[in-house]
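Read off the chains here:
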Amino acid sequence: FFLILLPSCSSKKEKDITKVNLNDKKIFLDALKYSKEKKYKEASEKFKKINEELPYSDFSSKAKIFDAYVNFQDNKIKDSILLLNDYLAANPSGRFSEYAHYMIGMCYYVQISDSDRDSEFTKLAMEKFSFIINNFPKSHFTKDSKFKIDYLKNNIAIKEFNIGMFYLKKNAPTPAIKRFSKILKDFQGTSVIPQTLFRISESFLILGLKEEANKSIEILKYNFPNNQWAKESNKMTNINVDEKNKKGFF
């Protein structure tokens, strides 16, 4: 009896496994079809079905990543972050781990326009993009992560500059100098550096510190000779840089 039953059970089990494999593949392909058609809600439901009903499927981890992607496209950013973190918790060195880290950074990046939490999202995005650069230097996402960090740094520098200008317009040169100095120290290479050098010189002149003002103008003229603020500085002072002895201040 057992000799007859065992082959029968084994055959039935193999058929069930084959059926499950066919089902999960079909569900996954249906989800992809919905995704391409931009039917993100329907696609997400299919991807979720694989993880909820077929958690041991070969498509399970891939479905979670794709589900995070369609939620991102559907502007469900919080759901996308949760799915990506779930994937990384279960697959810290998985096939899609680099992509998951990058997508989390993108989730924070696209929320930066939210002025109430702008600085928080900027910080989180920069941390995640820096993580990719440091841990996956050869990743496909490293180049874009560097670009995103440069862009975010430039945004921060502009905000710091605007605060400095607010103080300068209020005839408060000391706090203005503090803001401008922070930009020169922490945000070199950003677009506001030439004007920052010009404005910090202005601030020093208001305080009667002509020597410090002259140094800023020299730096401006040497490093950005063709910039409009270097040309504008000629109206402020009559400084000539010694061509033989000038040095690169940066």
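Use the structure listed above.
Everything numeric in this text was worked out from a predicted model, so none of it was measured.

Thresholds, definitions, all that
Residues numbered from 1 in each chain as written. Predicted model: local features only at pLDDT ≥ 70, side-chain atom pairs only at ≥ 80, totals over all residues. Heavy atoms only, no water. Helix = DSSP H or I, 4+ residues; strand = E, 2+ residues; numbered from the N terminus. Contact = heavy atoms within 4.5 Å. Areas by Shrake-Rupley, 256 points an atom, 1.4 Å probe, with all protein chains shown as cover. Phe/Tyr/Trp six-rings, centres within 6.5 Å; stacked < 30°, edge-to-face > 60°. Buried < 20%, exposed > 50% of the residue type's maximum accessible area, 1.4 Å probe, protein only. Lys NZ or Arg CZ within 6 Å of the ring centre and 35° of its normal. Expected span 1.5 Å × (residues − 1).

Peer 1: How should the overall build of the chain be read in this particular structure?
Peer 2: When helices and strands are tallied, the chain shows eleven helices and zero strands. The secondary structure elements of the chain, listed N-terminal to C-terminal, are α-α-α-α-α-α-α-α-α-α-α. Look at the contacts in the chain between residues 6 or more apart in sequence, and 47% of them connect residues 24 or more apart. Within the structure as shown, the chain displays about 15,900 Å² of accessible surface, and the carbon and sulfur contribution to it stands at 53%.

Peer 1: Looking at this structure, I do not really get the packing of aromatic side chains. What am I missing?
Peer 2: The description of two aromatic rings rests on the distance between their centres and on the angle between their planes. Scanning the model with the defined rule gives 15 aromatic pairs in all. Between the aromatic rings of Phe28 and Phe66, the centroid separation amounts to 5.4 Å while the plane-to-plane angle is 75°, which identifies the pairing as edge-to-face. You can see Phe28 sitting in helix 1 (residues 2–36) and its partner Phe66 sitting in helix 3 (residues 60–73), a full 38 residues away along the chain. Given the relative accessible area of 26%, Phe66 is considered partly exposed. Centre to centre, the rings of Tyr87 and Phe96 are 6.3 Å apart; their planes meet at 65°, and the pair counts as edge-to-face. The pair Tyr87 / Phe96 is uniform in exposure class, with both members buried. Each member of the aromatic cluster is reached from another via a ring pair, and the members are Tyr99, Tyr102, Tyr109, Phe129, Phe141 and Tyr151. Over the aromatic face of Tyr34 sits the side chain of Lys33, whose NZ or CZ is 5.9 Å from the ring centroid.

Peer 1: Would you explain helix 9 (residues 193–206) in this entry?
Peer 2: Each turn of an α-helix holds 3.6 residues, which means side chains three or four residues apart point in the same direction. The end-to-end C-alpha distance of helix 9, which contains 14 residues, comes to 20 Å, matching closely the 20 Å that a straight helix rising 1.5 Å per residue would cover. Those residues of helix 9 lying buried are Ile193, Pro194, Gln195, Thr196, Leu197, Phe198, Arg199, Ile200, Ser201, Ser203 and Phe204. Here the buried face of helix 9 lies against helix 7 (142–169), helix 8 (173–186), helix 10 (210–223) and helix 11 (228–236).

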